[in-house]
Amino acid sequence: MSTSNQQSYAISNPHSIGLDAIQKAGMLLALTGVAILFVAWFGIHVPKPEWFLAASLGMMVLGVFIYSRRTYLIHPEGIKNNHVWFNSLSNRGVLGWFLAIILTGFYILLYWYPHVLGYQSGENGVNQGLIALFDPLSIFFKGTHASQWFVYGTLYTVLIITLGIKFIYKYRHNRYQVIRTLVVMISQTFLAYLIPEILAGLNYNDTTNSQGEYLGWYDTDLKNTWPLDYDFFNSWHLDAMQVESYQPIGMFYLVWGIIFFLVLTPIITYFVGKRWYCSWVCGCGGLAETTGDAFRHLSSKKLSAWKLERWLIHGIMVFVFIMTAATLYGYFTNSSTVLGLSIYEYFQKPYGFLIGAAFSGVIGVGFYPLLGNRVWCRFGCPMAGYMGLFQRFKSRFRITTNGGQCISCGNCSTYCEMGIDVRAYAQKGENIVRSSCVGCGICSAVCPRGVLKLENDSEKGRINPTEIVLGNDVDLMKLVNKK
Amino acid sequence: MQHIVIIGNGISGVTAARHIRKLSDYKITIISAETDYFFSRTALMYVYMGHMKFEHTQAYENWFWKKNNIDLKKGFVQTVNHNSKELLFSTGEKMSYDKLIFAVGSKPNKFGWPGQDLEGVQGLYSKQDLDTLEQHTPNNKICKRAVIVGGGLIGIELAEMLRSRNIPVTFLIREESFWDVVLPEGESEMINQHIKKHHIDLKLGLNLKEILSDENGKARAVVIEETGEEIPCNFVGLTAGVSPNISFLKDSGIELGKGIKVNRFLETNIKDIYAIGDCAEQIEPIRNRRPIEAVWYTGRMMGETLAQTICGNRLKYKPGIWFNSAKFLDIEYQTYGWVHGKVGRPEYEAHFHWKHQDNTKCITLAYHKETKEFLGINTFGIRMRHEVFNSWLSEKQDVEYVINHLAEANFDPEFFKKYETEIRKVFSNKPLTVS
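Described below are features of the structure shown in this document. (Residues numbered from 1 in each chain as written. Chains lettered and ligands numbered in written order. Predicted model: local features only at pLDDT ≥ 70, side-chain atom pairs only at ≥ 80, totals over all residues.)

## Some details on the overall build of chain A
Cut-off, in case you're wondering: Helix and strand assignments come from DSSP, with helices taken as H or I runs of at least 4 residues and strands as E runs of at least 2, each series counted from the N terminus. Two things to know: the radius of gyration comes from C-alpha atoms, and the globule rule equals 2.2 Å times the number of residues to the power 0.38. The burial criterion counts other C-beta atoms lying within 10 Å of a residue's C-beta, which is placed from the backbone; the residue is buried at 20 or more, exposed at 12 or fewer, and partly exposed between these limits. A pair of residues counts as a contact when their C-beta atoms, built from backbone coordinates, are within 7 Å of each other.
Regarding its fold elements, chain A presents 20 helices and four strands. In terms of overall dimensions, chain A is globule-like: its C-alpha atoms have a radius of gyration of 24 Å, near the 23 Å expected for 483 residues. Over its C-alpha atoms, taken along the principal directions, chain A stretches across nearly 85 × 60 × 35 Å. Across the 483 residues that make up chain A, the buried fraction comes to 49%. When contacts within chain A are restricted to residue pairs at least 6 apart in sequence, those whose partners lie at least 24 apart make up 72%.

## A look at the sheet that holds strand S25 (residues 374-380) of chain B
All names here are of chain B. Put simply, the test is: For two strands to be treated as a pair, DSSP must find at least two bridges joining them. Axis definition: a line fitted to C-alpha atoms, limited for helices to the stretch in contact. Angles are taken between N-to-C directions and run from 0 to 180 degrees.
If you trace the five strands from one edge of the open sheet to the other, you get S21-S22-S25-S24-S23, paired in antiparallel fashion. A single partner strand is all that each edge strand has here, and the edge strands are strand S21 (323-328) and strand S23 (349-355). Averaged over all pairs of adjacent strands, the angle between their axes in this sheet comes to 10 degrees, without regard to strand direction. As defined by bridge partners, S21 adjoins strand S22 (residues 331-337) across six bridges and the pair is classed as antiparallel. The residue bridging Asn324 from the neighbouring strand is Thr335, located in S22. The sheet contacts of helix H6 (residues 185-197) involve S21, S22, S23, strand S24 (362-368) and S25, and relative to S24 the element is tilted by about 165 degrees.

## What to know about the packing of helix H1 (residues 11-23) of chain B against helix H7 (residues 296-310) of chain B
All names here are of chain B. Which entries qualify depends on this criterion: Our angle categories are set so that under 35 degrees counts as roughly parallel, over 145 as roughly antiparallel, 65 to 115 as roughly perpendicular, and the remainder as oblique. Handedness of a helix crossing follows the sense of rotation of the near helix relative to the far helix, less than a right angle counterclockwise being left-handed and clockwise being right-handed. Polar here means any residue outside two lists: the nonpolar Ala, Val, Leu, Ile, Met, Phe, Trp, Tyr, Cys and Pro, and the charged Asp, Glu, Lys and Arg; Gly therefore counts as polar.
Between H1 and H7, the least distance of the axes is 7 Å, while the angle of their chain directions is 30 degrees. Comparing their axes, H7 and H1 come out roughly parallel. In this structure, the crossing between H1 and H7 has a hand that is right-handed. Packed against H1, whose contacting residues are Ile11, Ser12, Gly13, Thr15, Ala16, His19, Ile20 and Leu23, the element H7 presents Trp296, Gly299, Arg300, Met302, Gly303, Glu304, Leu306, Ala307 and Ile310 at the interface. Each residue belonging to the contact of H1 with H7 can be placed in one class, and the counts come to nine nonpolar, six polar and two charged.

## Regarding the sheet that holds strand S12 (residues 201-204) of chain B
Residue and element names in this part refer to chain B. One open sheet accounts for five strands, arranged S9-S16-S10-S11-S12; its pairing is parallel. In the strand order of this sheet, the two ends are held by strand S9 (121-122) and S12, each with one partner. As defined by bridge partners, strand S10 (residues 146-149) adjoins strand S16 (residues 235-238) across four bridges and the pair is classed as parallel. The residue bridging Val149 from the neighbouring strand is Leu238, located in S16.

So, in structure tokens, the structure goes:
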């Protein structure tokens, strides 16, 4: 019997071709960078945290850089999915489970027990451990000590950059992938990380005034829009954007935030599909496409998963609409209840806990190695659900199927991170028009016969169900397809 | 109710079953000795390479068959009795049918080489072949070298597979250049170089003499006819083409040639028995197509057509414009219409060839020397639209029109570099009649 068809729980790869010295060196360097974080976390006092932090992040970036160059450049350009299903890390083996537990644990601590990571866990609320390691960088940007969210944002950005570099080496023959990934890396670095930190540094956000009064915080990631940013309309957020000393930046973000989801999102989605957001600029998408690339094939392609998806994502979308409506009602009527129900207890808190934290963070990223890299984007994200409606019913975007060329091999479906059974359409010669497609373009990249192309074209003929595929008797095609 | 029995659960048989189901309530049974469910044969390579698991090659979920009321039967049909309309399985079991469709596919060719049946010598066609391949070549410690005999599409895929496990591969090809019976010279040469770039030891113009055995009846080396050279190896892949898998029909009364002889309606000489896919041999040639076409797409088209006949709309098999595709390691290949290599090239067929300097992209356009009618295109490393070429070929456009409108046919992903301008320039600098 073929061993390749069986689940492997072995740490070692049964078909191992091993790593060479350079790959090992790169891997070791990157892991040492990670190890420094753990050393800091476990409370070993580091004398000069700025040096250790720089060393840690630098080693991660450099290590992955060395590893990727060696791994991908020694082979000619092309699709590099050899051994994906043999590898313990990428095939839900021991390493995959191990990583999933670590990631999940990290998110649980981050959301609910940040003091375990060292956040204000020392005397007088001084940072310790992992969080303290990032104090120098936080002070550099904005003069305050690091929060757990600063640590998270920094690590998040470093991951997108390093594994983005790896992704670019892997897909260097594919300009769509290269350009898309560069945009993902730049969006994260500037829009999600540097600009917000700089604005805080310039006292346009997250500031305490000279009287010692905290003025409030609002989201300054230009692209993190409602409904993904579910608390945009919460009173503390709306108030923060209107703080006098934050102007004109605060008001700009308020106006931008509303125009963004109300006007820009439908228009751009009409022209190019939701991919402009999900796989080009979104932070969650950015992490999924770079760090999560190694797990994209783990998404379920079953019809039952698609059914669950439609209930969940649209259910959550309705949930966020109701929650936001209640919030706005409360804001404008100055009330803390709606129909006798506490807005916080019945709307904001459950959404924040269940969806904002548990689903998008703990499951969304923690379960990458088990359920694939787009669990949140596929089953949960209300922004994805919202854009999905436009993409399905009013958009020029589709994945075109190239006539009768499909050989039903299954690479497209296997590597679809959204769990779309791409092959089911392609083998019928039918275009793929699905609300969930994030337009990552990997189906097209892995297709060995050049069957799939993401494109924006006229709405006419976009959805083209067929019975008989191109290439057969023209009369037969006419007879059968006209029905 | 009529009982339609289909032997073979490959693309032809399954396509026929699906379309018969769409058109009728007949009882449908698909018999296979190979696997429980339909899978994509062309995707077996990706299972070995670890791109996919075997279940990913199955295009329909397992519940699909029951839901569509298509019965699946695992078993090996030993004899067909067309008088009693009965099938006899190797287990002794019997099954009767009203209409019988053979979609039994192919088996790898063996040309009587000494040692061709040794352990560690095999072709690559079936799921079972994949399993034995896995046994013999799990890694480069157990298989220190593999020799592949026969330079066609399966040969180069097998080479790619073995290289994915870092197994040294010697690729023995009878022709002077890779697949040059089909591919024009420039393309064939480009693929030669691409093969070498993948560290495959390409040996051209050489034949296999024999395969030597070790003391356990396992292949230990091959001997080359021309040079007498002995190449030690642990595995020999025989990929010198395939032929219809019909030995079990020898005394059935069904007319056989190389394959199962069928007329244009895909009917055999026996009433209510049909053959489609790899195993069907056309008695009456269809334009310049070969009588047996062991190609995924033609199998599918025969299935689509025969379903009509079975369900009362008796229809000739009339495939449209020829197309095909393959992938040579990292280089994708598509073809529309007819572009001939060494074999069967009509005297009027002239070629325009363009190759990119990076040696991974090229196209060849075939056209009529006198009339300039566009006859076909081979494209390597640039994806092109089937639909566009299908209409240009049926409209009988001339070659200049095609060159000038090539951009409309481009199917490469967005942001990819385009070569149409360069191609047009090269074309306009060349006198047309030079081939």
